[in-house]
Amino acid sequence: MLVAMGYGGTEQRAQRIGGSGDGGVDGVIDQDALGLDQIYVQAKRYGPGNSVGRETVQSFVGALHGVGATRGVLITTSSFTTYAREYAKNVPIRVILIDGQRLADLMIRYGVGVQQRAVFSVVELDEDYFEAL
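Remember, predicted model here, so these are calculated numbers, not experimental data.

**Examining the packing of aromatic side chains**
Inference 1: Scanning the entire structure with this criterion turns up one aromatic pair.
Inference 2: When the ring of tyrosine 129 is compared with that of phenylalanine 130, the centres are 5.1 Å apart and the planes differ by 90°; the resulting orientation is edge-to-face.
Inference 3: Phenylalanine 130 sits in the partly exposed class, given a relative accessible area of 46%.

This is the structure:
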């Protein structure tokens, strides 16, 4: 999805790291075409009602610190607790939290993992047109 949003440059430079021993980072992507900075990504697949807490965000921030990163994106299919959001907002490392609702919105907006089934057009009466008659 981040590549579809324009990250990774024209070469779409993104790398999956995840797996055992990944150090808390699932992937890394260049922020720009030159690779001047990188964004580290972690994804959490949680079920409904199972929110990502502060501890998980704190662990991700530690992983970012461990690789010398200044930016990270933590994505979940569920939601984040208030404490998790507050923690991410107050740490010196830039951490963006994407919850399930925002993830779905971005997937639809950038056409990632979705298929268009139908398009509807909504119209309204143009009153100016009828006033001119």
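**Re the nonpolar core**
Inference 1: Judged by nonpolar contacts, the single largest core of 19 residues is most densely connected at Val57, Val61, Leu64, Leu74, Phe80, Val95 and Leu97.
Inference 2: The set of elements that each furnish at least two residues to this core consists of α1 (54-66), α2 (82-90) and β5 (94-98).
Inference 3: In terms of residue count, α1 provides more of this core than any other element does, five residues in total.
Inference 4: Excluding residues within four positions of it along the chain, leucine 74 makes contact with Gln42, Lys44, Val52, Val57, Phe60, Phe80, Ile96, Leu97 and Ile98.
Inference 5: In this structure, Val73, Ile98, Leu103 and Leu106 belong to the second largest nonpolar core, which totals nine residues.

**Let's talk about a nonpolar patch on the surface**
Inference 1: Where nonpolar side chains cluster on the molecular surface, the patch consists of Leu125, Tyr129, Phe130 and Leu133 and spans about 520 Å² of accessible area.
Inference 2: Locating phenylalanine 130 in the fold gives a position in helix α4 (residues 127-131).

**A closer look at the pattern of salt bridges**
Inference 1: For the structure on display, the rule yields two salt bridges.
Inference 2: The closest approach of N and O atoms between arginine 71 and aspartate 37, which form a salt bridge, is 2.0 Å. In this pair, arginine 71 is assigned in strand β4 (residues 71-76) and aspartate 37 in the loop between β2 (27-30) and β3 (38-44), connecting sequence segments 34 residues apart.
Inference 3: By relative accessible area, which is 30% here, arginine 71 ends up partly exposed.
Inference 4: Ionic pairing is found between aspartate 99 and arginine 85, a salt bridge with its closest N-O pair at 3.0 Å. Of the two residues, aspartate 99 sits in the loop between β5 and α3 (100-110) while arginine 85 sits in helix α2, which places them 14 residues apart along the sequence.
Inference 5: According to the relative accessible area criterion, aspartate 99 is buried, its value standing at 17%.

**Focus: the pairing of β5**
Inference 1: Across five bridges, β4 lies against β5 in parallel orientation. Bridged to leucine 74 within β5 is leucine 97.
Inference 2: For the crossover from β4 across α2 to β5, the handedness is right-handed.

**Some words on α3**
Inference 1: Taken residue by residue, α3 has Gly100, Leu103 and Leu106 as its buried positions. The arc that holds the buried residues of α3, viewed along the axis, is 125°, so those residues lie on one side. Those residues of α3 that are exposed and aimed more than 90 degrees away from the buried face are Gln101, Ile108 and Arg109.
Inference 2: Those residues of α3 that are buried are in contact with β4 and β5.
Inference 3: Within two residues after α3, glycine 111 carries a phi angle of roughly 65°, on the positive side.

**Digging into the packing of α1 against α2**
Inference 1: Where α1 contacts α2, the two axes come as close as 7 Å, and the packing angle between them is 25°. As far as their axial angle goes, α2 and α1 are roughly parallel. Side by side, α1 and α2 meet where Arg54, Val57, Gln58 and Val61 of the first sit next to Tyr83, Ala84, Tyr87 and Ala88 of the second.
Inference 2: Partitioned by chemical class, the residues of the contact of α1 with α2 number six nonpolar, one polar and one charged.

Reading guide: rules and limits
Residues numbered from 1 in each chain as written. Predicted model: local features only at pLDDT ≥ 70, side-chain atom pairs only at ≥ 80, totals over all residues. Heavy atoms only, no water. Phe/Tyr/Trp six-rings, centres within 6.5 Å; stacked < 30°, edge-to-face > 60°. Buried < 20%, exposed > 50% of the residue type's maximum accessible area, 1.4 Å probe, protein only. Core = buried A, V, L, I, M, F, W, Y, C linked by side-chain atoms within 4.5 Å. Helix = DSSP H or I, 4+ residues; strand = E, 2+ residues; numbered from the N terminus. Contact = heavy atoms within 4.5 Å. Patch = residues over 30% accessible without salt bridge, like charges linked within 9 Å, V, L, I, M, F, W, Y side chains within 5 Å. Areas by Shrake-Rupley, 256 points an atom, 1.4 Å probe, with all protein chains shown as cover. Salt bridge = Lys/Arg side-chain N within 4 Å of Asp/Glu carboxyl O. Pairing = 2+ DSSP bridges. Right-handed = clockwise from strand over helix to strand, strands pointing away. Arc of directions from axis to C-beta. Axes fitted to C-alpha atoms, helices over the stretch in contact; angles between N-to-C directions. Parallel < 35°, antiparallel > 145°, perpendicular 65-115°, else oblique. Nonpolar A, V, L, I, M, F, W, Y, C, P; charged D, E, K, R; others polar.

None of this, on its own, says anything about what the molecule does.
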